[in-house]
Amino acid sequence: MKENAVDYGWYMPPILEAFGATAAAGKLLKLDEEQIRNAFSLTLCQATCSAELIYSTHSMIRAIRDAFSAKAGLLSALLAKKGITGFQQPFEGRAGLFNIYLRGKWIHSH
């Protein structure tokens, strides 16, 4: 039975880093709640990284992968600042980050 994102072919660090970059850029751009949600939606549509990265150790992508995440986060925040709308639930929606990439398995803090 497949248990984590790598088992499904996804390498999560660059995907999750893009959301961190979006949050940082959103704060620097002073996005409001709706704009940051829109930015996260845009990031969700940009941020993926195949787990092939793990198996292709000769690839130079490892050296630049974090730049893609930062670019996606900054671009998403800038687009949201300009009024581009996204999803109402980019993380917890039926096809949001948690359900699609993490198969509904995420840590809740109590």
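What counts, and where the lines are drawn
- Residues numbered from 1 in each chain as written.
- Predicted model: local features only at pLDDT ≥ 70, side-chain atom pairs only at ≥ 80, totals over all residues.
- Heavy atoms only, no water.
- Axes fitted to C-alpha atoms, helices over the stretch in contact; angles between N-to-C directions.
- Helix = DSSP H or I, 4+ residues; strand = E, 2+ residues; numbered from the N terminus.
- Parallel < 35°, antiparallel > 145°, perpendicular 65-115°, else oblique.
- Left-handed = near helix turned anticlockwise from the far one by under 90°.
- Contact = heavy atoms within 4.5 Å.
- Nonpolar A, V, L, I, M, F, W, Y, C, P; charged D, E, K, R; others polar.
- Buried < 20%, exposed > 50% of the residue type's maximum accessible area, 1.4 Å probe, protein only.
- Expected span 1.5 Å × (residues − 1).
- Polar contact = N/O pair within 3.5 Å; in protein donor to acceptor, adjacent residues only side chain to side chain.

Taken N-terminus to C-terminus, the directions of helix α1 (residues 12-28) and helix α4 (residues 61-81) make an angle of 40 degrees; their axes are 7 Å apart at the nearest point. Looking at the two axes, α1 sits oblique to α4. Of the two elements, α1 crosses α4, and the hand of that crossing is right-handed. Between α1 and α4, the residues in contact are Pro13, Pro14, Glu17, Ala18, Ala21, Thr22, Ala25 and Gly26 and Arg65, Asp66, Ser69, Ala70, Ala72, Gly73, Leu74, Ser76 and Ala77, respectively. A class-by-class count of the residues in the contact of α1 with α4 yields 9 nonpolar, 5 polar and 3 charged.

One non-glycine residue, lysine 30, lies in positive phi territory at about 55 degrees. By secondary structure assignment, the location of lysine 30 is in the loop between α1 and α2 (33-44). Look at lysine 30 and you get exposed, because its relative accessible area is 70%.

With 12 residues, α2 should reach 16 Å at 1.5 Å per residue; the first-to-last C-alpha distance of 17 Å fits that figure. Among the 12 residues in α2, 9 count as buried, and that is most of the element. Residues of α2 that are buried: Gln35, Arg37, Asn38, Ala39, Phe40, Ser41, Leu42, Thr43 and Leu44. Buried residues in α2 make contact with α1, α4 and α5 (97-101). N-cap assignment for α2: the residue whose side-chain oxygen lies 3.2 Å from the backbone N of glutamate 34 is aspartate 32.

Turning our attention to the environment of leucine 78. Residue position: leucine 78 is located in helix α4. Leucine 78 sits in the partly exposed class, given a relative accessible area of 39%. Placed 49 residues apart in sequence, leucine 78 and leucine 29 show a C-alpha to C-alpha distance of 7.9 Å.

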